[in-house]
Amino acid sequence: MPRLISTIHGQITAVIFACLVIAFVIGSTLESWVRDEYSAPDLEGMSARVSAIALVLAKAEPHERDIVLMAANRGELSLIQRPISYFDNVSTTSPDEPFIQVVIDRLLPPEDRPIPYGGWRTFVDGKRVLAAKVDEETLLVMELQPERFLRTDALRFGSNYLVATVTLIILFSVFSVWAITSPLRRIASSAMKADISLGPAPFEERGSVEIVALARALNGMQTRISSMVEARTRMLRGISHDLRTPLTRLRLRADRVSEEEVRDALLADIERIDQLLKESLGYLRDNHQYEETQRVDLASVLQTVCDEFADMGHDVRYLGPSRAVASVRPSAITRAITNLCENGVKFGTKVEVHLLMENAGAVIEILDDGPGIPETHRARVLEPFFKVDSARGGSDKGFGLGLSIVSEIVQAHHGTLEFSDRQPEGLVVRLELPGQSMHQKL
């Protein structure tokens, strides 16, 4: 039994069973309470009595019928004989009929026999009646009180249906939040925070059997992806490392070439290949995936990056608070800002690094005066080895890995990376690192 309850199928079965038990117990109590508070006519019982009395009248002599009716009307019944023509103006609706009565009759029509003459819903001059045929010329008619719209059969079934419906709604609402919605939200949140690094299982394996199986499958998939990426990275690192030796030999041999023009061309190609290997290894290193988050002075980190570029003769300035403490991965953020500043000085002459605080998070903006990036290419520039040569320079301006590294670092911080145009010309790169606990000092 515990194994059955641990599955969603078993939990739904338990909810339905609990609903039936509650409907049986509470429905009977509700029926008794309503019957005590309201006068609920037994429409089926009344029809049976009218039919029975009509049979007696059919067998009685004409002078005996009045005696039979007088005896029958000594109770709560109000019976009267009417000619068959009385039903010439019969209808199945009445403008004075309560709406709740129409609903009850439509949803819970009487089922027991005998069926009254003309049906269960018969109205004459706006009054609801029950009739039974005595003979070919006479009807026995009972007029019903208009305010007594509840019936005992409708009350009996209606109370159970009402309790069962309300109970099902409440129990299934609680069940959906507890057994389905909440675990799925937890898994979705873990998926947003998960990365491809080999680490502890990101999806918590608790809840129903189906949720645990889903979390376990996702953890297994994450492990397989991480192992595959790690194997690919090791292979590429090995290839890149092994290429260093032949490149060194080529460089030595190129130095011995007597023709200066040919030697310079060979050395330039070798240098470009060597630079491509360095950037590829840097992209494959993925150190930011394993770096721990630390509370650091983010303003000092940005200022240090700008000072290093300024020492090399570039016009790179920091604009922002003198102190801003944030929880980040310092080496990864340093690498991202360095890449963006490198792009700025490659394609422009001036670079500004701004630090702002918005919504308890850090916002870093890097502004340059270069040619910018066309809006149609702003999504693709984050792909490895993609370059917009026509807008950002020629083929000697890099290998298209810098922005890919920046994008991965921002994603590791669960932030966003946006590009926009700078007026009158240039590019604005905006990094938002949400949820950072920061303290600023101007």
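The structure we're discussing is the one just above.
Being a predicted model, the structure only gives us computed values, none of them experimental.

Quick notes on the rules
- Residues numbered from 1 in each chain as written.
- Predicted model: local features only at pLDDT ≥ 70, side-chain atom pairs only at ≥ 80, totals over all residues.
- Heavy atoms only, no water.
- Helix = DSSP H or I, 4+ residues; strand = E, 2+ residues; numbered from the N terminus.
- Buried < 20%, exposed > 50% of the residue type's maximum accessible area, 1.4 Å probe, protein only.
- Contact = heavy atoms within 4.5 Å.
- Areas by Shrake-Rupley, 256 points an atom, 1.4 Å probe, with all protein chains shown as cover.
- Salt bridge = Lys/Arg side-chain N within 4 Å of Asp/Glu carboxyl O.
- Pairing = 2+ DSSP bridges.
- Axes fitted to C-alpha atoms, helices over the stretch in contact; angles between N-to-C directions.
- Phe/Tyr/Trp six-rings, centres within 6.5 Å; stacked < 30°, edge-to-face > 60°.

Student: Is there a simple way to explain the overall build of the chain in this structure?
Tutor: Secondary structure summary: the chain contains 12 helices and 12 strands in total. Looking at the 442 residues of the chain, the share that counts as buried comes to 40%. Within the chain, residue pairs in contact and separated by at least 24 positions form 70% of the contacts whose partners lie at least 6 positions apart. Only carbon and sulfur atoms are counted for the fraction: they give 58% of the accessible area of the chain, which is about 25600 Å².

Student: Can you walk me through the side chain of Ser407 in this structure?
Tutor: You can see Ser407 is positioned in helix α12 (residues 402-412). Leaving out residues up to four positions away in the same chain, Ser407 has contacts with Leu382 and Leu417.

Student: I'm lost on the pattern of salt bridges in this one. Help?
Tutor: Think of it this way: side chains of opposite charge can pair up when their charged atoms draw near. Taken as a whole and assessed by the stated rule, the structure comprises nine salt bridges. Where Glu352 meets Arg317, a salt bridge forms, and the shortest distance between an N and an O atom there is 2.8 Å. One end of the pair, Glu352, is in strand β8 (residues 350-358); the other, Arg317, is in strand β6 (residues 315-319), and 35 residues separate them in sequence. Residue classification places Glu352 among the buried residues on the basis of a relative accessible area of 15%. By relative accessible area, Arg317 is classed as partly exposed at 45%. Two residues, Asp421 and Arg378, come together in a salt bridge whose shortest N-O distance is 2.4 Å. Here Asp421 is found in strand β10 (residues 416-421), whereas its partner Arg378 is found in the loop between β9 (361-368) and α11 (389-392), with 43 residues between them in sequence. Residue classification places Arg378 among the buried positions, given a relative accessible area of 14%.

Student: Any chance you could explain α12 here in plain terms?
Tutor: Each α-helix winds once per 3.6 residues, and so residues spaced three or four apart point in a common direction. Taking burial as the measure, the 11 residues of α12 include nine buried ones, the bulk of the element. When we look at burial in α12, the residues that qualify are Gly402, Leu403, Ser404, Ile405, Val406, Ser407, Ile409, Val410 and Ala412.

Student: Where do I start with the sheet that holds β10 in this structure?
Tutor: The pairing of strands in a sheet comes from backbone hydrogen bonds and takes either a parallel or an antiparallel form. Pairing is mixed in the open sheet, where five strands are placed in the order β6-β8-β9-β11-β10. At either end of the open sheet lies a strand with only one pairing partner, and these are β6 and β10. Strand-to-strand twist of the sheet, defined as the mean angle between neighbouring strand axes without regard to direction, takes the value 15 degrees. Bridge count for β9 against strand β11 (residues 427-433) is seven bridges, and the pairing is antiparallel. Counterpart to Leu367 in the pairing with β11 is Val428. The strands touched by helix α9 (residues 298-311) are β6, β8 and β9; relative to β6, the strand with the most contacts, the crossing angle is about 165 degrees.

Student: I'm lost on the packing of aromatic side chains in this one. Help?
Tutor: Geometrically, a pair of aromatic rings is defined through the distance of the ring centres and the angle of the planes. Considering all chains together, one arrives at two aromatic pairs under this definition. When the ring of Tyr86 is compared with that of Phe87, the centres are 6.2 Å apart and the planes differ by 40 degrees; the resulting orientation is tilted. Aromatic pair Phe87 and Tyr117: ring centres 5.3 Å apart, planes at 55 degrees, arrangement tilted. You can see Phe87 sitting in the loop between β1 (79-83) and α5 (99-107) and its partner Tyr117 sitting in the loop between α5 and β2 (123-124), a full 30 residues away along the chain. Looking at Phe87, the relative accessible area reads 10%, which means it is buried. Look at Tyr117 and you get partly exposed, because its relative accessible area is 32%. Among the aromatic residues, ring-to-ring pairing joins Tyr86, Phe87 and Tyr117 into one connected group.

Note that every value here comes from positions in space, so none of it alone points to a role or purpose.
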